[in-house]
Amino acid sequence: MLEIKNLVAEIEGKRILDGLSLTVHDGETAAIMGPNGSGKSTLSYIIAGKEDYEILDGEILLDGENILEMEASERAAAGVFLAFQYPLEIPGVATMTFLKAALNAQRRAREETELTTPEFMKAVQDAAAKLEIPRDMLKRALNVGFSGGEKKRMEILQMALLQPRMCILDETDSGLDIDALRIVSEGVNALKSDKRSFLVITHYQRLLNYIVPDTVHVMANGKIMRSGGKELAEELEANGYADYKAQEAA
Amino acid sequence: MAEVATLKTPAETALADLFARSKSLLPGDARSREDAFHRFAEKGLPHRRVEEWKYTDLRALMREIAPLAEKPSEAGVARALSVESVFAAAEPATIAFVDGHLATADAMPAGVTAVPLAVALAQGHPLLSKLGAVSDAEGNAAYALNAAFMTDGVVLHVTGAVDRRVALRFVTAGAQPVATATRVLVVVEPGAAISLLETHESPHGVAHQPNSVVEFVVGDRAKVAHVRLNANGDKALALSTLTAHLGGEVAFGSRNVVAGSAVSRHQVWMTFAGADSRGAVRGATMLSGDQHADTTLVVNHKATGCESRELFKHAIDGRGTGVFQGRINVARGAQKTDGQMMSAAVLLSEEGTMNNKPELEIFADDVQCAHGATCGELDDDLLFYLMARGLPRPEAEALLIESFLGEAVEEGLDDEVVGEALMGVVEAWLAARG
Ligand SMILES: Nc1ncnc2c1ncn2[C@@H]1O[C@H](COP(=O)(O)OP(=O)(O)OP(=O)(O)O)[C@@H](O)[C@H]1O
Ligand SMILES: [Mg+2]
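Residues numbered from 1 in each chain as written. Chains lettered and ligands numbered in written order. Predicted model: local features only at pLDDT ≥ 70, side-chain atom pairs only at ≥ 80, totals over all residues. Heavy atoms only, no water.

## Considerations on the overall build of chain B
Helix and strand content of chain B: ten helices and 19 strands. Here the C-alpha radius of gyration of chain B, 21 Å, is about what a compact globule of 434 residues would show, namely 22 Å. Oriented by its inertia axes, the alpha-carbon framework of chain B measures out at about 65 × 50 × 45 Å. Taken over 434 residues, chain B has a buried fraction of 60%. Considering only intrachain contacts with a sequence separation of at least 6, the fraction spanning at least 24 residues in chain B is 84%. When the accessible surface of chain B is split by element, carbon and sulfur atoms take 50% of a total near 16,800 Å². Taking the average location of the 38 positive side-chain charges in chain B and that of its 56 negative ones, the two points are 5 Å from each other. (Helix = DSSP H or I, 4+ residues; strand = E, 2+ residues; numbered from the N terminus. Rg over C-alpha atoms; globule rule 2.2 N^0.38 Å. Buried < 20%, exposed > 50% of the residue type's maximum accessible area, 1.4 Å probe, protein only. Contact = heavy atoms within 4.5 Å. Areas by Shrake-Rupley, 256 points an atom, 1.4 Å probe, with all protein chains shown as cover. Lys, Arg positive; Asp, Glu negative; His and termini not counted. Charge placed at Lys NZ, Arg CZ, Asp CG, Glu CD.)

Okay, structure coming up:
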């Protein structure tokens, strides 16, 4: 279970999160929607352990343990995974080398045995096949020269391989074509289990037709302004965020 | 004697004394040695007010002059060569030098002959007329000192396509600091090809002073792949010079990996004398502690249609200092020259320093030349991305440094075994960094 309690965070003196609280239960799929610049990516970075932010208040508990003191790599080993809104290109690092290093680093951190090369190859190829990622992409440097949609697929491949228990998807749908959206969503749905939780950040109802959320949260002005079921996403699609912006101004 | 009048510092006086004592014992024509020493003595040890030595003040760095190394005993040779070479997996035909003297030599593969330099000097070997083909180096202090003191080395005459790698291994051994001066002349006949590996090794904790010069004279349509590794000990002061005189339609590549020495200076003069040649010079330098490494490069485009690519990478940890001075000269008439020079440094600590000085001097109008220099820290966003996937910080850093250096170490090498051996050196450095 992920519990975020009264999180207050700033960057360069600018307050981005302003008392945000949110709980995602085991097995739950929660969606976050909210206007541009409302702090959704910031929230996802803070959960994953990016260090650029000043945390002024609050805590983030994963199964009751405060993860704010942990390095990003420790959080990953504890099961936190962020599929980036903008995946980074890492020139000179072969995708396979990176995937193996990541998987084995996590296994070491959890005191599990490392995968042998054949085991690893099979795991990658199975996951790649499901996401219709061509093999030659795996031979290239990580994300370098990948199209926007290919990068997003590669994020989900990593998620499938690393089997995290808290999956945060930051606008994974943006940049995906219609078929890719379906393929990626199926990939995500295949990972659903009663132990694994998802936090899905998106602007569009369409993704949520594929990855059906249990809860939908509206984020604006650095907090969760409203929470509801999946019908809330439909309402937002129809009405936009005018209500929430007005609410703050009042 | 002119030199006595101009040489003032104790180190310079010691060099003059050393030369006076040694010259009659060194092989070959004493006269050309005297001329060379004279060229050195006119200016003495270069210091920071000499533009080309601005960042590497040899006068300050070379206060002690080590005695010239004597020829080692058989036991000394065996000891010095008991450690396996970094390039062992490449199974090269190896000529090994211990303390600057020829020690052991494998039979050379077809297409290349080797004559020990001491023998060549003593006999007045005709190929020696090719020494100094790149005349720009002549007045340079390190080059002139090497010319005055050169003790041994080898003349390689490449007459065909050599299908086995040739390695030159220079080991300076012993617990007392010594100076060595080795000279290698590689004459590559038109259409011939060679892959030459060069390593420089010495023990930690001893302030050896190796001074090495390698000169390539490359005929038309010939191919040269040259890889050099500075794996000297942490107290060594290593001076090295590479000159390359290229004919037409040549493919020449040289890369230098610096993983050792307290102070090193690697100088490169590459001259395009024939049309439509390609020359690529790369370098990767890893520094920590108080290490200082200088790469000074001059590329002379004197012919039309040549392409030069220079890429230098520095990873600087601790209080290390990196220097890159690179200059591309395009002579009048060297039209259609395509020259690109890039230096990139990554600073891994607060106290590291990088000095970059790239320059272009162009006297032809139809050319494409560019240079760039960057210096920065590891990218925090990339580090975060890797860490968010579970790589602990040291591993994430190592992966980024390895990929950063890899471009200069193994890319474009076209020799996987050698590339892997060099990346092994990078990995060892990263592992030692912790
Ligand atoms: N380094 C920074 N310095 C200053 N402001 C920043 C910095 N990084 C982010 N911000 C600001 O923080 C706010 C929240 O950004 P964030 O990326 O979290 O929004 P978002 O909700 O993900 O938006 P979108 O829907 O467009 O992806 C924005 O106003 C952004 O400009
Ligand atoms: Mg965002």
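This is not the end of the story, as more comes after the structure.
## Quick look at the overall build of chain A
Helices and strands together make up the secondary structure of chain A, namely ten helices and ten strands. Against the globule reference of 18 Å for 250 residues, chain A gives a C-alpha radius of gyration of 18 Å, in line with a compact fold. Projected onto its principal axes, the C-alpha coordinates of chain A cover approximately 60 × 40 × 35 Å. Burial statistics for chain A: of 250 residues in total, 54% are counted as buried. Looking at chain A alone, contacts between residues at least 24 apart form 68% of all its contacts between residues at least 6 apart.

## Quick word on the packing of helix α3 (residues 95-109) of chain A against helix α4 (residues 117-130) of chain A
All names here are of chain A. Where α3 contacts α4, the two axes come as close as 11 Å, and the packing angle between them is 110°. When the interaxial angle is binned, α3 and α4 end up roughly perpendicular. Every residue of α4 that contacts α3 at M96, L99, K100 and L103 is listed here: T117, F120, M121 and V124. (Axes fitted to C-alpha atoms, helices over the stretch in contact; angles between N-to-C directions. Parallel < 35°, antiparallel > 145°, perpendicular 65-115°, else oblique.)

## Quick notes on the pairing of strand β10 (residues 223-228) of chain A
All names here are of chain A. Pairing between strand β9 (residues 215-220) and β10: five bridges, direction antiparallel. Bridging from a neighbouring strand, M219 pairs with I224 of β10. Taking the residues that link successive antiparallel strands as the turn, the β9-β10 hairpin has two residues, and the phi of N221 there is positive, at about 55°. (Pairing = 2+ DSSP bridges.)

## Side note on the domain arrangement of chain B
All names here are of chain B. By domain assignment, chain B separates into domain 1 (73-379) and domain 2 (380-434). Computed over C-alpha atoms, the centres of domain 1 and domain 2 are 24 Å apart. Taken together, the contacts link 30 residues of domain 1 with 25 residues of domain 2. Between domain 1 and domain 2 we count three salt bridges in total. The salt bridge partner of E407 is K313, with a shortest N-O separation of 2.6 Å. Where domain 1 touches domain 2, the interface holds 13 residue pairs in polar contact (both at pLDDT 80 or more). Breaking the side of domain 1 that touches domain 2 down by element, the ones donating at least two residues are β7 (193-201), β9 (223-231), β11 (251-258), β13 (278-287), β15 (307-316) and β17 (338-347). Among the elements that make up the side of domain 1 that touches domain 2, the one with the highest residue count is β13 (six residues). (Domains from an automatic or database assignment. Salt bridge = Lys/Arg side-chain N within 4 Å of Asp/Glu carboxyl O. Polar contact = N/O pair within 3.5 Å; in protein donor to acceptor, adjacent residues only side chain to side chain.)

## What about the sheet that holds strand β6 (residues 80-83) of chain A?
Residue and element names in this part refer to chain A. Read from one edge to the other, the open sheet built from six strands follows the order β6-β7-β8-β3-β9-β10, with strand pairing classed as mixed. If you trace the sheet from one side to the other, it starts and ends with β6 and β10, each paired once. Within this sheet the neighbouring strands show an average axis-to-axis angle of 20°, counted without direction. Contacts between helix α1 (residues 40-48) and the sheet are confined to β3 (29-33), β6, β7 (166-170), β8 (197-201) and β9, with β6 contributing the most and set at about 145° to the helix. Along the sheet, helix α6 (residues 148-162) contacts β6, β7 and β8; its crossing angle with β6, the most-contacted strand, is approximately 165°.

## Some points on the interface of chain A and chain B
Counting residues at the interface gives 34 residues for chain A, matched by 16 residues for chain B. Between chain A and chain B the total buried area reaches about 1,900 Å² when both faces are included, carbon and sulfur atoms providing 67% of it. Ranking the residues of chain A by area buried against chain B places S73, L88 and I90 of chain A at the top, with a combined share of 23%. At the junction of chain A with chain B, the criterion picks out five salt bridges. (Buried area = accessible area lost by both parts, 1.4 Å probe.)

## A few points about the packing of aromatic side chains
Tallying each qualifying case throughout the model produces twelve aromatic pairs over all chains. Judged by centre distance (5.9 Å) and plane angle (80°), the rings of Y45 of chain A and F384 of chain B are edge-to-face. Highlighted residues: Y45 of chain A in helix α1 and F384 of chain B in helix α8 (residues 380-387), drawn from two different chains. Taken individually, Y45 of chain A and F384 of chain B each receive the classification buried, so the pair is uniform in this respect. Centre to centre, the rings of F97 of chain B and F170 of chain B are 4.7 Å apart; their planes meet at 10°, and the pair counts as stacked. (Phe/Tyr/Trp six-rings, centres within 6.5 Å; stacked < 30°, edge-to-face > 60°.)

## Some details on the coordination of the magnesium ion (ligand 2)
Looking at the magnesium ion (ligand 2), the protein donor atoms are S41 of chain A (OG) and Q85 of chain A (OE1), and they sit 2.0 to 2.1 Å from it. Note that S41 of chain A is positioned in helix α1 and Q85 of chain A in the loop between β6 and α3, a separation of 44 residues in sequence. (Donors = N, O, S within 2.8 Å, 3.2 Å for Na, K, Ca; no water.)

## Here's the deal with the site of ligand 1
Residues and elements named next belong to chain A. Neighbouring ligand 1 are 15 residues, the closest being G37, K40, S41, T42 and H203. Contact distances for ligand 1 include 2.9 Å between an oxygen atom and a side-chain N or O atom of K14. Between K40 and ligand 1, the recorded distance is 2.7 Å, taken from a side-chain N or O atom to an oxygen atom. Burial of ligand 1 by the protein chains amounts to 67% of its free accessible area of 640 Å². When residues of the shell around ligand 1 are traced back to their parent elements, those giving at least two are β2 (14-24) and α1. By residue number, the principal contributor to the shell around ligand 1 is α1, which donates three residues. The class makeup of the residues in the shell around ligand 1 is three nonpolar, eight polar and four charged. (Near = heavy atom within 4 Å. Nonpolar A, V, L, I, M, F, W, Y, C, P; charged D, E, K, R; others polar.)

## Some details on a negative patch on the surface
A contiguous patch of negative charge on the surface is contributed by E350, E351, E377, D379 and D380 of chain B. Position of E351 of chain B among the secondary structure elements: in the loop between β17 and β18 (353-362). (Patch = residues over 30% accessible without salt bridge, like charges linked within 9 Å, V, L, I, M, F, W, Y side chains within 5 Å.)

## So, the environment of V218 of chain A
All names here are of chain A. On the secondary structure map, V218 appears in strand β9. C-alpha separation for the pair V218 and L176, spaced 42 residues apart in sequence, amounts to 23 Å. What V218 contacts, discounting residues up to four positions off in sequence, is M33, K223, I224, M225, R226, L232, L236, Y241 and Y244.

## Notes on the packing of helix α2 (residues 10-22) of chain B against helix α3 (residues 30-43) of chain B
Residues and elements named next belong to chain B. Interaxial distance between α2 and α3 falls to 12 Å at its minimum, and their mutual angle equals 175°. Here α3 runs roughly antiparallel to α2, going by the angle between their axes. Residues L15, A16 and F19 of α2 pack against R33, E34, F37 and F40 of α3. For the contact of α2 with α3, the per-class residue count stands at five nonpolar, no polar and two charged.

## As for the pairing of strand β10 (residues 237-246) of chain B
Residues and elements named next belong to chain B. Taking burial as the measure, the ten residues of β10 include nine buried ones, the bulk of the element. In terms of strand pairing, strand β8 (residues 209-218) meets β10 through eight bridges, oriented parallel. Residue V214 lies in a different strand from β10, and its bridge partner there is L242. Strand direction decides the pairing type here: β10 and strand β12 (residues 263-272), joined by ten bridges, are parallel.

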